[in-house]
Structure formats: structure tokens, C-alpha cells
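Topology and contacts: notes
Now for the letters of each chain:
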Amino acid sequence: MTSTDSLAPRLPSPLQELRDDRFSRHGVRLLLKRDDLIHPELIGNKWRKLVPNIEAAQGRALVTFGGAYSNHLRATAAAGRLLGLGTTGVVRGQELAGRPLNPSLSRCAADGMRLHFVDRSTYRHKSEPETLAAILRAAGAEGAYVVPEGGSNAQAVRGCRALGEELRGRADVVAVACGTGGTLAGLAAGLAARQRALGIPVLKGGFLAHDIEALQERAFGARTGAWSLDDRFHFGGYARTAPALDAFAEDFEQRHALPVERLYVAKLLYGLVALAEEGAFARGTTVAAVVTGRPFPQP
Ligand SMILES: *Cc1c(COP(=O)(O)O)cnc(C)c1O
């Protein structure tokens, strides 16, 4: 077993009430579930998803996958440094190989992660056994423990169930931004019977509900808990933004002195304000928004 003591978390993560008239004038209470404060380097849901995988890896090196700005790659690299585990990051985009590393990949490399770049078509097929085997061979990572893209597998989903359990009896609706949906899949399973989870996908596509069901089937044997998705707030897709979203995030930071992570958390909060304004939450509803990350580089 690997001792994960140096990944000691602050759990349960803090739950804070926020005063914001865009909610209060509709009779809605807004809480922030500060998963961004769980650990200084394995931020938010990344701690909840990675630690069960590190335990399952039993000291083997880790290999995982991500894009050039992946929060998951940075978290995996940091865990490797803190625990003295080897890590390899398979990065989407062969064309990045010859170029200077961006700040996110530089941080991964500085934490000792070996970076291996693959073209987009190979990357797309990475879950097929032959393609995966070829990637691992080329990356020199045969025998390493494979954590899938975004860190979402059955262990990770079961790890995120604790997020729901921490929120039992504390809110009517718990909202989270979704990439792979692994966090929502676990969260929904941990909530009490009368609570519901709401996911705000940051990717365009519409395939996510199916993926989340499949993750829950693998982790728990069946679809579990009350959850739904609202697909209207992705702003065109992953890492896409718009002046209105940037302005919203800056204003939110100033109102509440909360650093707003832009890829996920900004879209979640924007979506919740829009839903409150539409009257989607009945008066008297308490909504908890999960703050799954913080900006990188740190402001
Ligand atoms: C990775 C990440 C997510 C997405 O989590 P999934 O489990 O892939 O849906 C959400 N927010 C932040 C800040 C993240 O880094």
C-alpha cells in the first residue's frame, strides 16, 4: 500500500452561505461547498477521485490522460511528487511536442510527470485495448496503473459519494459543473432521498447523461439517486468562453471575494444565476454549489 498521509485532506470541506440578491430576491438560499479547500494541490474533486485510485495502484506508477490545460493532469503530477510515485501524462495533440510547454504542462513537468504527446486520432481511441497498449509501450509506461481521462472510473465515482454524504440534510439541490460527469455520478449516490443533484456540463455534446449512467452502473450496479443535467451553459464547449461569461466571473469575484475558476466553476455559477432568474427554484429552496476548483495559475 502507498501511504497517502502527505495528501491529508481538510474534510468535510467547508459549507458557506453566500448573500447574493440575485438569489435572495427569489427566496433562494445559496451555499458554497468549498471543495477547492480540500487540499492545496489536489484541488476539489481531484482529491476525491484520485486518492482511491492511488490506493488501488498499490505503489505502482500512474499513467493518465488529458488536454494541454487539464486540471486532472496537474493534480496527478502533484500527487506523484508528494508521494514519490512515478507519473506519466499522455497529452492530446502531437503538435505540442516540439513547442515550449504552457504553464499547466510546465507545472506537470516540474512535478516530475513524464509527458508523452499523441495525435488526436490516437488519443480518441485510447480506451481500445490495442491502442492503449501501443501508447503505454511508446510512453515507456507499461505496467503502470491506468487512470482514465479526467480520472473518472468506478473508484473515483465511489470516492465522490462522500461529497453527497457531507451534504445530506444541508440543501435541496446540489449543483456541480461536469466534465466527464464522474463527480456528479458519485455525488448523486451520496445524497439523501429528497435531495437532488444538478449537473452543468461544460462540454458540448449531449452524450453526458449516458456516460454518467454507465459510470453509476460500474460503480454501484445501477443508476442511483436523483440527478439531471442542464445543457444550456457550456458557452460553445470546453474552455470556450464569451465576454458575458468573463464579465460575470469578474463581477462574482468582486462581490464575494471568491476566486472563480473559469473552465468549470464560472459556468456553474452563471447557470445557477440564470436558473434563479427564470424561477427554476421554488421559494424556500436551498441550493448548494460545489466549488470544484480554483483558478490556475493562482491569481
Ligand atoms: C475536473 C474538474 C471538474 C469536472 O469533474 P468531472 O468529474 O470530470 O465531471 C469540475 N470542476 C473542476 C474545477 C475540475 O477541475
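Rules used throughout
Residues numbered from 1 in each chain as written. Predicted model: local features only at pLDDT ≥ 70, side-chain atom pairs only at ≥ 80, totals over all residues. Heavy atoms only, no water. UniProt positions renumbered as here; feature names shortened; annotations may be inferred. Helix = DSSP H or I, 4+ residues; strand = E, 2+ residues; numbered from the N terminus. Rg over C-alpha atoms; globule rule 2.2 N^0.38 Å. Buried < 20%, exposed > 50% of the residue type's maximum accessible area, 1.4 Å probe, protein only. Contact = heavy atoms within 4.5 Å. Pairing = 2+ DSSP bridges. Domains from an automatic or database assignment. Salt bridge = Lys/Arg side-chain N within 4 Å of Asp/Glu carboxyl O. Nonpolar A, V, L, I, M, F, W, Y, C, P; charged D, E, K, R; others polar. Expected span 1.5 Å × (residues − 1). Near = heavy atom within 4 Å. Polar contact = N/O pair within 3.5 Å; in protein donor to acceptor, adjacent residues only side chain to side chain. Areas by Shrake-Rupley, 256 points an atom, 1.4 Å probe, with all protein chains shown as cover. Axes fitted to C-alpha atoms, helices over the stretch in contact; angles between N-to-C directions. Parallel < 35°, antiparallel > 145°, perpendicular 65-115°, else oblique. Left-handed = near helix turned anticlockwise from the far one by under 90°. Phe/Tyr/Trp six-rings, centres within 6.5 Å; stacked < 30°, edge-to-face > 60°. Lys NZ or Arg CZ within 6 Å of the ring centre and 35° of its normal.

- The protein has the name 1-aminocyclopropane-1-carboxylate deaminase in an unreviewed UniProt entry, where Streptomyces cellostaticus is given as its organism.
- Its UniProt record gives the protein a comment under Sequence similarities (unreviewed entry), which states: "Belongs to the ACC deaminase/D-cysteine desulfhydrase family."
- Under Cofactor (unreviewed entry), UniProt gives the following word-for-word description of the protein: "pyridoxal 5'-phosphate".

1. Topic: the overall build of the protein
- Along its length, the protein carries 11 helices and 10 strands.
- The C-alpha radius of gyration computed for the protein amounts to 19 Å, which stays within 12% of the reference 19 Å derived for 299 residues, consistent with globular compactness.
- Within the span of the protein, comprising 299 residues, buried residues form 54% of the whole.
- The contacts of the protein with a sequence gap of at least 6 include a subset with a gap of at least 24, amounting to 74%.

2. Structural notes on the sheet that holds strand S4 (residues 87–92)
- The four strands lie next to each other as S5-S4-S3-S6, forming an open sheet whose pairing is parallel. In the strand order of this sheet, the two ends are held by strand S5 (114–118) and strand S6 (145–146), each with one partner.
- Relative to S5, S4 runs parallel, the two sharing five bridges. Bridged to Thr88 within S5 is Arg114.

3. Let's talk about the domain arrangement of the protein
- By the assigned domains, the protein splits into domain 1 (5–42 + 152–290) and domain 2 (61–143).
- Put simply, the middle of domain 1 and the middle of domain 2, counted by C-alpha atoms, are 27 Å apart.
- Across the contact, nine residues belong to domain 1 and eight residues belong to domain 2.
- Between domain 1 and domain 2 we count one salt bridge in total.
- Among the ionic pairs, Glu41 bridges to Arg81, the shortest N-O distance being 2.3 Å.
- A class-by-class count of the residues in the side of domain 1 that touches domain 2 yields five nonpolar, two polar and two charged.

4. Thoughts on helix H2 (residues 45–57)
- End to end, H2 covers 19 Å across 13 residues, agreeing with the expected 18 Å (1.5 Å per residue, within 8%).
- Burial analysis of H2 places 11 of its 13 residues in the buried class, which makes it a mostly covered element.
- Listed in full, the buried residues belonging to H2 are Asn45, Lys46, Trp47, Arg48, Lys49, Leu50, Val51, Pro52, Asn53, Ile54 and Ala57.
- For H2, the elements touching its buried residues are strand S2 (29–33), strand S3 (62–66), helix H3 (71–83), S6, helix H7 (154–166) and helix H8 (182–190).
- One or two residues past the end of H2 sits Gln58, with phi positive at roughly 50°.

5. Let's talk about the site of the ligand
- Surveying the vicinity of the ligand reveals 16 residues, the closest of which are Lys46, Lys49, Thr180, Thr183 and Thr292.
- Here a nitrogen atom of the ligand sits 2.7 Å away from a polar atom, N or O, in the side chain of Thr292.
- For the ligand, whose unbound accessible area comes to 380 Å², protein coverage reaches 97%.
- Elements with a contribution of two residues or more to the shell around the ligand: H2, strand S7 (173–178) and H8.

6. Focus on the UniProt feature "domain: Tryptophan synthase beta chain-like PALP" (unreviewed entry) in the protein
- As annotated by UniProt and renumbered to match this structure, "domain: Tryptophan synthase beta chain-like PALP" (unreviewed entry) occupies residues 12–293.
- Along residues 12–293 one finds 41% helix and 17% strand; the C-alpha atoms at either end are 16 Å apart.

7. What to know about the packing of H8 against helix H9 (residues 208–220)
- Between H8 and H9, the least distance of the axes is 9 Å, while the angle of their chain directions is 55°. As summarised for this structure, H8 and H9 are arranged oblique, according to the angle between their axes. Viewed along their axes, H8 and H9 form a crossing whose handedness is right-handed. Across from Gly182, Leu184, Ala185, Gly186, Ala188 and Ala189 in H8, the residues of H9 making contact are Ile212, Leu215, Gln216 and Phe220.
- Grouping the amino acids of the contact of H8 with H9 by side-chain chemistry returns seven nonpolar, three polar and no charged.

8. Observations concerning the packing of aromatic side chains
- All chains considered together, the criterion is met by six aromatic pairs.
- Plain terms: the ring middles of Phe248 and Phe252 are 5.8 Å apart, the flat faces sit at 40° to each other, and that makes the pair tilted. Placement of the pair is Phe248 and Phe252 together in helix H10 (residues 243–256), with a separation of four residues, close to one helical turn.
- Each ring, one from Phe248 and one from Tyr270, has its centre 5.3 Å from the other, and the planes form 75°; the classification is edge-to-face. One end of the pair, Phe248, is in helix H10; the other, Tyr270, is in helix H11 (residues 265–278), with 22 residues separating them in the sequence.
- Assessed through its relative accessible area of 9%, Phe248 is described here as buried.
- Judged by relative accessible area, Tyr270 falls into the partly exposed class, the value being 25%.
- Cluster of aromatic residues (ring-pair linked, three or more members): Phe233, Phe235, Phe248, Phe252 and Tyr270.
- The ring of Tyr264 carries the charged tip of Lys46 above its face, separated from the ring centre by 5.9 Å.
- A cation sits over an aromatic face here: Arg74 above Phe296, 3.8 Å from the ring centre.

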